[in-house]
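What follows is the residue order along each chain.
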Amino acid sequence: MRGKTVLVTGSTAGIGRETARRLALLGAEVILVGRHPERARAAAAEISREAGEVTALTADLSDLAGLRRLADQVTERYDRLDVLVNNAGGMNAERRLTRDGVEATFAVNVLAPYALTCLLLPTLRAAGAARVVNLTGGMPGGTIDPGNLQGEKKYLGWRFAHYNHAKTALMAMSHRFASQLEEGGVTVNVAYPGHAYTPGNQATPMRAFPYLYRPAAPLIRLLGPLLLSNMTKASRSSVHLASSPEMEGVTGAYVDAKARRAAWPSGALDEGGQQAVWSECERLSGLTPG
Ligand SMILES: NC(=O)c1ccc[n+]([C@@H]2O[C@H](COP(=O)([O-])OP(=O)(O)OC[C@H]3O[C@@H](n4cnc5c(N)ncnc54)[C@H](OP(=O)(O)O)[C@@H]3O)[C@@H](O)[C@H]2O)c1
């Protein structure tokens, strides 16, 4: 990865930080992005001690103005971007709107990767052969409900239902993005990291557990480090898509937690679902890859 510039969102903690660390160790010039300046600087300093200089930028990815400021900072400082890892993501127990009036889980998991990729497209194209890596999660693959992309009709926060729907939407958007960019030298692929013992997972509240499991929840929590993947395993698929020579020129691929090619879930391939997600992203962001 020497000579390559890589941006990883959500890289102050968890899978994103490990992805940034491993790509820096492979020799890439890494741009780390976090919401809080202090946390971003601390994570960058920690990685830098081991892997050389890492740049820390700050942005709230749930905010379109924040995404634009981030893209401006990147394009001002860098002539080219070789890899964009849209790693930041997560779920919200309650339906809540961002400053732009967008439902927050959809905003961070789907709209932010779409908008950031559009905004950075000229810088990615300047790299000649660039890669976009989007992270899915939960249990993606159900049918996309075009009328409930932002939980307008029904919002099931915990129990992962809305999160699963958002990650299926992210996959649908990524698949469409890959076909739109087929000729342009920029590939778009999706990584599934598996279930990992990250700060995000550790913060899962009791009501996220189905009733039957709640009595065992403290034990499940205690056993978390044994039951869930460590960061090395969880970052394997994104590091593979970002850096493996095998993936050179490959677009529209989905890889599992062991970084093996996997079949796309049917919900993400449905034409109607893809179109609905794509139109929603265009409408909310005012951006198109063109
Ligand atoms: N952990 C799992 O088991 C698992 C399983 C499948 C998929 N995934 C997916 O893998 C990715 C990483 O998950 P993780 O568990 O490592 O996450 P995590 O521990 O919750 O860390 C999330 C990272 O994203 C950043 N972030 C969250 N919202 C943001 C926002 N609005 N603006 C800017 N940064 C924001 C956080 O930054 P701050 O420092 O600002 O909080 C943090 O660096 C996510 O897309 C997740 O959906 C995770």
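- The chain is annotated in an unreviewed UniProt entry as NAD(P)-dependent dehydrogenase (Short-subunit alcohol dehydrogenase family) of Actinomadura coerulea.

1. As for the nonpolar core
A general feature of soluble globular proteins is that nonpolar side chains tend to end up buried together.
Here's step 1: Grouped together as the largest cluster of nonpolar side chains are 50 residues, with contacts concentrated most on Phe106, Leu124 and Val277.
Here's step 2: Of all the secondary-structure elements, those providing two or more residues to this core are strand E2 (29-34), helix H3 (64-77), helix H4 (104-125), strand E5 (130-135), helix H5 (161-180), strand E6 (186-191) and helix H12 (271-285).
Here's step 3: Per-element tally for this core: the top contributor is H4, with 13 residues.
Here's step 4: Membership of the second largest hydrophobic core comes to 29 residues, among which are Val30, Val83, Val85 and Ala253.

2. Description of empty space enclosed by the protein
Here's step 1: Tallying each qualifying case throughout the model produces one cavity of 30 Å³ or more.
Here's step 2: Here the largest cavity defines a volume of roughly 40 Å³.
Here's step 3: By residue number, the principal contributor to the lining of the largest cavity is H4, which donates four residues.
Here's step 4: Of the residues that constitute the lining of the largest cavity, the class distribution is six nonpolar, three polar and no charged.

3. Quick notes on the site of the ligand
Here's step 1: Taken together, 31 residues surround the ligand, and among them Thr12, Arg39, Asn87, Tyr163 and Thr198 come closest.
Here's step 2: A distance of 2.7 Å is found between an oxygen atom of the ligand and a side-chain nitrogen or oxygen belonging to arginine 35.
Here's step 3: The contact in question runs from an oxygen atom of the ligand to an N or O atom on the side chain of threonine 198, over 2.6 Å.
Here's step 4: Counting only elements with at least two residues in the shell around the ligand, the list comes to helix H1 (14-25), H5 and helix H6 (199-202).
Here's step 5: Looking at the shell around the ligand element by element, the count peaks at three residues for H6.
Here's step 6: Residue classes in the shell around the ligand are distributed as 11 nonpolar, 16 polar and four charged.

4. A few points about H1
Here's step 1: Between the first and last C-alpha of H1 there are 17 Å, a value that for 12 residues agrees with the 16 Å anticipated at 1.5 Å per step.
Here's step 2: Looking one or two residues beyond H1, the residue adopting positive phi is glycine 27, at roughly 105°.

5. Observations concerning the pattern of salt bridges
Here's step 1: The final tally for this structure, using the stated rule, is 11 salt bridges.
Here's step 2: A salt bridge links glutamate 46 to arginine 17, with the nearest nitrogen and oxygen atoms 3.6 Å apart. Of this pair, glutamate 46 sits in helix H2 (residues 37-51) while arginine 17 sits in helix H1, and the two are 29 residues apart along the sequence.
Here's step 3: When its relative accessible area of 41% is taken as the criterion, glutamate 46 is described as partly exposed.
Here's step 4: In this structure, aspartate 82 and arginine 80 form a salt bridge, with 2.5 Å as the shortest nitrogen-oxygen distance.
Here's step 5: The exposure class of aspartate 82 is buried, given its relative accessible area of 1%.
Here's step 6: Put simply, Glu18, Arg21 and Glu50 are held in one network by salt bridges that share partners.

Basis of the calculations
- Residues numbered from 1 in each chain as written.
- Predicted model: local features only at pLDDT ≥ 70, side-chain atom pairs only at ≥ 80, totals over all residues.
- Heavy atoms only, no water.
- Core = buried A, V, L, I, M, F, W, Y, C linked by side-chain atoms within 4.5 Å.
- Buried < 20%, exposed > 50% of the residue type's maximum accessible area, 1.4 Å probe, protein only.
- Helix = DSSP H or I, 4+ residues; strand = E, 2+ residues; numbered from the N terminus.
- 1 Å grid on protein atoms, 1.4 Å probe; cavity = no way out; pocket = protein on both sides within 12 Å on 5 of 7 lines; lining within 4 Å.
- Points joined across faces, edges and corners; volume = space filled by probe spheres on them.
- Nonpolar A, V, L, I, M, F, W, Y, C, P; charged D, E, K, R; others polar.
- Near = heavy atom within 4 Å.
- Polar contact = N/O pair within 3.5 Å; in protein donor to acceptor, adjacent residues only side chain to side chain.
- Expected span 1.5 Å × (residues − 1).
- Salt bridge = Lys/Arg side-chain N within 4 Å of Asp/Glu carboxyl O.

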